[in-house]
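Fold and geometry: a report
Here's the letter readout for the chains.
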Amino acid sequence: MRFLEKSLIALDIEANSAEDAIRAAGQLLVDGGAAERSYIEAMLKSYRDKGPYFVLAPHIALPHAKAEDGVREASVSFARLKQPVRFGHPANDPVELVFALGSSSSSDHIALLRRLTTLLNDPANVTAMRQAQTADEVEALLAKAEAK
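Being a predicted model, the structure only gives us computed values, none of them experimental.

Parameters and conventions
Residues numbered from 1 in each chain as written. Predicted model: local features only at pLDDT ≥ 70, side-chain atom pairs only at ≥ 80, totals over all residues. Heavy atoms only, no water. Salt bridge = Lys/Arg side-chain N within 4 Å of Asp/Glu carboxyl O. Helix = DSSP H or I, 4+ residues; strand = E, 2+ residues; numbered from the N terminus. Buried < 20%, exposed > 50% of the residue type's maximum accessible area, 1.4 Å probe, protein only. Polar contact = N/O pair within 3.5 Å; in protein donor to acceptor, adjacent residues only side chain to side chain. Contact = heavy atoms within 4.5 Å. Pairing = 2+ DSSP bridges. Core = buried A, V, L, I, M, F, W, Y, C linked by side-chain atoms within 4.5 Å. Phe/Tyr/Trp six-rings, centres within 6.5 Å; stacked < 30°, edge-to-face > 60°.

Turning our attention to the pattern of salt bridges. Counted by the stated rule, this structure contains eleven salt bridges. Linking Glu73 and Arg2 is a salt bridge whose minimum nitrogen-to-oxygen distance equals 3.9 Å. With Glu73 in the loop between strand E4 (60–61) and strand E5 (75–85) and Arg2 in strand E1 (residues 2–3), the pair connects residues that are 71 residues apart, well separated along the chain. Of the residues examined, Glu73 reaches a relative accessible area of 30% and is grouped as partly exposed. A relative accessible area of 12% means that Arg2 is categorised as buried.

And the structure:
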């Protein structure tokens, strides 16, 4: 299980649309070997078919698809957008923090969601993620948050 490892983090990504943002976060999973390219297309299809249901909190999106759509290893990537984009969510737009979730089983899905929810439930962590200058800073934030 890979959770916000440095190779799965990209800061200040240029995205002109929700689909660009989903592609950027998904590409981190692909580049890290955690998912196949087909997984990005599956996340995009889910967004097109179901709308922005995964925009879970103000400025935060968690795009995902089914494990059988190309997940190789349970993982979460993080793409912070240089400029927030609208996903179409009436309350939580625009989105700046995009976490692509790839789970290989329902138990992995729950474990990854639990870790991410614990991290993001603290407003100080969200602020720190919005202000981090490097992937190393995000990793340090995660280590500190999980040590509590």
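Before going further, it helps to examine the side chain of Asn125. Checked against the element boundaries, Asn125 lands in helix H4 (residues 123–131). Judged by relative accessible area, which is 7%, Asn125 ranks as buried. A polar atom in the side chain of Asn125 sits 3.0 Å from the backbone oxygen of Leu119. In this structure, Asn125 is in contact with Leu119, Leu141 and Ala145, ignoring residues within four places of it in sequence.

The next thing to look at is the pairing of E5. When a strand is regular, its side chains alternate between the sheet's two faces. The buried count for E5 comes to eight of eleven residues, which makes it a mostly enclosed element. In terms of strand pairing, E1 meets E5 through two bridges, oriented parallel. Paired with Phe3 across the strands is Val76, a residue of E5. Both E5 and strand E6 (residues 95–102) contribute to a ladder of seven bridges, which runs antiparallel. Directly across from Phe78, in E6, lies its bridge partner Phe99.

Among soluble globular proteins, nonpolar side chains are generally buried collectively. If you look at the biggest cluster of nonpolar residues, it comprises 30 residues, and the most contacted ones within it are Ala21, Ile22, Leu29, Tyr39, Phe54, Phe87 and Val98. Listed by contribution, the elements that provide at least two residues to this core are helix H1 (18–31), helix H2 (37–50), E5 and E6. No other element matches the seven residues that H1 contributes to this core. Residue contacts for Tyr39: discarding those within four places in its chain leaves Leu29, His64, Ala65, Lys66, Asp69, Gly70, Val71, Leu101 and Gly102. Judged by nonpolar contacts, the second largest core, of 24 residues, contains Val76, Leu97, Met129 and Val138.

With that out of the way, let us pick up the packing of aromatic side chains. Enumeration over the complete set of coordinates arrives at five aromatic pairs. Judged by centre distance (5.9 Å) and plane angle (70°), the ring pair of Tyr47 and Phe87 falls under edge-to-face. With Tyr47 in helix H2 and Phe87 in the loop between E5 and E6, this pair connects stretches of sequence that are 40 residues apart. Measuring from centroid to centroid gives 4.8 Å for Phe78 and Phe99, while their planes differ by 15°, and the two rings are stacked. One end of the pair, Phe78, is in strand E5; the other, Phe99, is in strand E6, with 21 residues separating them in the sequence.

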